[in-house]
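A structural walkthrough
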Amino acid sequence: MDSSTCLELALEGERLCKAGDCRAGVAFFEAAIQTGTDDLRTLSAIYSQLGNAYFYLGEYDKAMEYHKLDLTVARTMGDRLGVAKASGNLGNTLKVMGKFKEAICCCERHLSISQELEDKVGEGRALYNLGNVYHAQGKHLGRIGPQEPGGFSDEVKHCLQKAVEYYAANLRLMEELNDRSAQGRACGNLGNTHYLLGNFTQAISYHNERLAIAKEFGDKAAERRAHSNLGNAHIFLGEFETAAEHYKKTLQLAQELGDRAVEAQACYSLGNTYTLLRDYPMAIHYHLRHLAIAEELTDKVGEGRACWSLGNAYSATNNNEKALHYATRHLDISKEIGDKTGQAAAQMNLTDIRKVLGLPPTPVDSESSESTEDAKSRTRRKSMENMDLLKTSVNEESSMDDDSFFELLSRFQSKRMDDQRCTLSVESNKENQPEQAQQQVQTHNREGGSLSSNGSTNGTTTPSDSGARMELPSQAPKIKHDNCGVLEELMESIAGMQSRRMDEQRASLPQLPGLNNQHAILQRLSVAASDTTPLPDDNFFDMLMRCQGSRIEDQRSSLPNDGSLTHSAPTVPDDDFFSLIMRFQSGRLEDQRSTMPLEATRNSTHPATDEEEPPNSAHSTGAKDGLVSRLVKGRK
């Protein structure tokens, strides 16, 4: 098979990927690589498309592998535009892998090359990608510590502010290019970022602009996201009626789009909003709808949330029988999915409701209350009770006064100190002496005793002892000579080990799968480029050091998160209303006769922001969409 066969396979793979069948497209691209080609541009296009396809399939390691190969080919050909696009693709892949520092390096390279080539479209994509990386990094860092919008740490705020800067620059450039679709995406992302920063008024302004642009294009999915984000922002401003209207629009659009999970999320948000408005019948209506869809989609986490909310709402309307039913269901589901916080909340609700109904506490309630009383009555640790036993035994020994006790304690402590001392032993050859010299020293020690620090022996001095000591200086030159030989051998051994380590770190020539006559082509290109390619500058090495510095972070182990749920929850927004309702209902807890958990069991506690989808086609830069097809057209 020749290069034309490789190109035909690549074209079919590209067609399948555009049709949405990325798995089949990957098979054709892999077959094209197996066939091979002499054309580096065709190979670069295949690598790029394979990276994009694997990205959409969620196989990010393979996506990064092929984007790196694309970058290598672009550098080999001296294709600066190709280097920029491959760097952008690498940046987005590294972002979703959580390697934010490396992603920033790649996206900054994409930006600098695009500005150097005066490529406005590429510059806009690079700015957008940088905003996405900083936004994702801020949300990642914000999982620890305060998680309410506007209450993040300074490190998180810095990342979000950088995201705002890049999104704003992207918006200005898209306005200059009159690209309304890209303007809409930038406005949506600016709204989401300002929301996280606690700038809710600015967030509403950008989301309204996003909504207007979505309506221009008839983009129902973007309209739905804008309404959902507007509802979240109005909640934090205390404008619950306005928030409810936006959530109703979200529900309507979700039904038009046939997205049952998003429909359930809208019902969940509406139920919580009407709870804030103290309109409990409406809250119950929407929570029942949420529960029905959660059961339909077998979303146990969503079922638990719905039952918890229904138990509170029925309790607020004095319908305690139904409140008891849903609180019991909430407890059962929490146990099933291992939700410790949910179990605690359900148990408290059940205790309160059974008291109101005049029912005896369940066995679990009795055990928990008894353990609580025992914990309160226990004023001292068990170790302190042991101290009482010690005092009693000491008092019983009437002959042991205070001085004797401290003398005994001192003696035991001294033994513990001795246990921690290290002993010096000449026999272990700690000085790396030659075997012959070591034997002589050992013989002298056996015959004449060991030497003390002042040169005298620990034993009684005898004439034989003196003779043995006088013989040691005569052996000194030989020992010194032998030590020099051992030192040289040691240095040679170290040098050999270091050279092997250096060899292991040497970079080999790039191996490009699918390239025929690889050695000859790469050698010819390297010779041609040697006269024109400058040596790397300090900026390159600085960037390399930053990337290498973050590799050690990849080896750190993360702290366990026992409270997080491992179950998926498609019918619950990524960030639920638990802490939000807690804040706004702090004065209404007595009316509902139940307390809400302070600790959310998901990653964060503010309402979810619907993220803007990336531009159509390639996941980052729009790079090389249909590039194989364009290569064919260019040859005709």
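Predicted model, so just to flag it, every value in this text is computed and none were measured.

Observations regarding the overall build of the protein
- In terms of regular secondary structure, the protein is built from 27 helices and zero strands.
- The buried share of the protein, reckoned over its 636 residues, is 42%.
- When contacts within the protein are restricted to residue pairs at least 6 apart in sequence, those whose partners lie at least 24 apart make up 65%.
- A total of about 35,000 Å² of accessible surface is found on the protein, and carbon and sulfur atoms cover 51% of it.

A word on the packing of helix 7 (residues 120–141) against helix 8 (residues 154–177)
- Their axes nearest at 8 Å, the elements helix 7 and helix 8 cross at an angle of 160°. Comparing the axis directions of helix 7 and helix 8 gives the class roughly antiparallel. Crossing of helix 7 over helix 8 shows left-handed handedness.
- Looking at the contact of helix 7 with helix 8 residue by residue, the classes come out as 16 nonpolar, seven polar and five charged.

Looking at the pattern of salt bridges
- For the structure on display, the rule yields 15 salt bridges.
- Of the charged contacts in the structure, one is a salt bridge between Arg 15 and Glu 12, with a shortest N-O distance of 2.5 Å. Of this pair, Arg 15 and Glu 12 both sit in helix 1 (residues 3–18), three residues apart, which is roughly one turn of that helix.
- Here Glu 12 falls in the partly exposed class, since its relative accessible area comes to 25%.
- Salt-bridge contacts for Lys 300 lead to Glu 336; the nearest nitrogen and oxygen are separated by 3.9 Å. Placement of the pair is Lys 300 in helix 15 (residues 300–316) and Glu 336 in helix 16 (residues 320–337), with a sequence separation of 36 residues.
- Through salt bridges with shared partners, a single ionic network connects Glu 295, Lys 300, Glu 303, Arg 329 and Glu 336.

Some thoughts on the confidence of the model for the protein
- On average, residues of the protein score 76 in pLDDT, and 60% of them reach the 70 mark or higher.
- In this model, residues 443–474 is a region of pLDDT below 50 whose contacts with residues beyond four sequence positions or in other chains number 22 contacts.
- Low confidence marks residues 551–565, where pLDDT is under 50. Its contacts with residues over four positions away, or in another chain, come to eleven contacts.

Quick look at the environment of His 110
- Structurally, His 110 is set in helix 6 (residues 100–116).
- Overall, His 110 belongs to the buried group, its relative accessible area being 2%.
- Through-space distance from the C-alpha of His 110 to that of Leu 127 is 9.1 Å; in sequence the pair is 17 residues apart.

Remarks on helix 8
- An ideal rise of 1.5 Å per residue puts 34 Å on 24 residues; helix 8 measures up with 35 Å between its terminal C-alpha atoms.
- Just beyond helix 8, the residue with positive phi is Asn 178, at close to 60°.

Notes on the nonpolar core
- Judged by nonpolar contacts, the single largest core of 47 residues is most densely connected at Leu 127, Leu 130, Val 133, Tyr 134, Leu 160 and Tyr 195.
- Contributions of two or more residues to this core are made by helix 4 (60–77), helix 5 (80–96), helix 6, helix 7, helix 8, helix 9 (180–196), helix 10 (200–217) and helix 11 (220–236).
- Take this core: its biggest share by element is ten residues, from helix 8.
- Apart from the residues within four sequence positions on either side, Val 133 is in contact with Lys 95, Phe 100, Ala 103, Ile 104 and Cys 107.
- Counting residues in each nonpolar core, the second largest holds 23 residues, with Leu 9, Cys 17, Ala 32 and Leu 512 among its members.

So, the packing of aromatic side chains
- Taken as a whole and assessed by the stated rule, the structure comprises eleven aromatic pairs.
- With centroids separated by 5.8 Å and ring planes inclined at 10°, the aromatic side chains of Tyr 134 and Tyr 166 adopt a geometry described as stacked. Of this pair, Tyr 134 sits in helix 7 while Tyr 166 sits in helix 8; the two residues are 32 residues apart in sequence, bridging distant segments of the chain. In this pair, the class of Tyr 134 matches that of Tyr 166, namely buried.

Here's the deal with the environment of Gly 198
- With respect to the element layout, Gly 198 can be found in the loop between helix 9 and helix 10.
- Judged by its relative accessible area of 25%, Gly 198 falls in the partly exposed class.
- Remark: the alpha-carbon pair of Gly 198 and Ala 233, spanning 35 residues in sequence, is separated by 9.0 Å.

Description of a nonpolar patch on the surface
- A cluster of nonpolar side chains, namely Leu 487, Leu 490, Met 491 and Ile 494, defines an oily patch on the protein surface of about 370 Å² accessible area.
- Mapped onto the fold, Leu 487 is located in helix 22 (residues 463–504).

Comments concerning unusual backbone geometry
- A positive phi angle, near 60°, is found at Asn 178, a position not held by glycine.
- By the element assignment, Asn 178 lies in the loop between helix 8 and helix 9.
- Notably, Arg 278 is not glycine yet its phi reads approximately 65°, a positive angle.
- Given a relative accessible area of 43%, Arg 278 falls into the partly exposed group.

Here we look at the side chain of Ser 228
- Note that Ser 228 resides in helix 11.
- Other than its neighbours up to four places away in sequence, Ser 228 contacts Tyr 247, Thr 250 and Asp 610.

As for the environment of Gly 142
- On the secondary structure map, Gly 142 appears in the loop between helix 7 and helix 8.
- Using a relative accessible area of 4% as the deciding quantity, one classes Gly 142 as buried.
- Sequence-wise, Gly 142 and Val 156 are 14 residues apart; in three dimensions their C-alpha atoms are separated by 6.0 Å.

Conventions we followed
Residues numbered from 1 in each chain as written. Predicted model: local features only at pLDDT ≥ 70, side-chain atom pairs only at ≥ 80, totals over all residues. Heavy atoms only, no water. Helix = DSSP H or I, 4+ residues; strand = E, 2+ residues; numbered from the N terminus. Buried < 20%, exposed > 50% of the residue type's maximum accessible area, 1.4 Å probe, protein only. Contact = heavy atoms within 4.5 Å. Areas by Shrake-Rupley, 256 points an atom, 1.4 Å probe, with all protein chains shown as cover. Axes fitted to C-alpha atoms, helices over the stretch in contact; angles between N-to-C directions. Parallel < 35°, antiparallel > 145°, perpendicular 65-115°, else oblique. Left-handed = near helix turned anticlockwise from the far one by under 90°. Nonpolar A, V, L, I, M, F, W, Y, C, P; charged D, E, K, R; others polar. Salt bridge = Lys/Arg side-chain N within 4 Å of Asp/Glu carboxyl O. pLDDT = per-residue confidence, 0-100. Expected span 1.5 Å × (residues − 1). Core = buried A, V, L, I, M, F, W, Y, C linked by side-chain atoms within 4.5 Å. Phe/Tyr/Trp six-rings, centres within 6.5 Å; stacked < 30°, edge-to-face > 60°. Patch = residues over 30% accessible without salt bridge, like charges linked within 9 Å, V, L, I, M, F, W, Y side chains within 5 Å.

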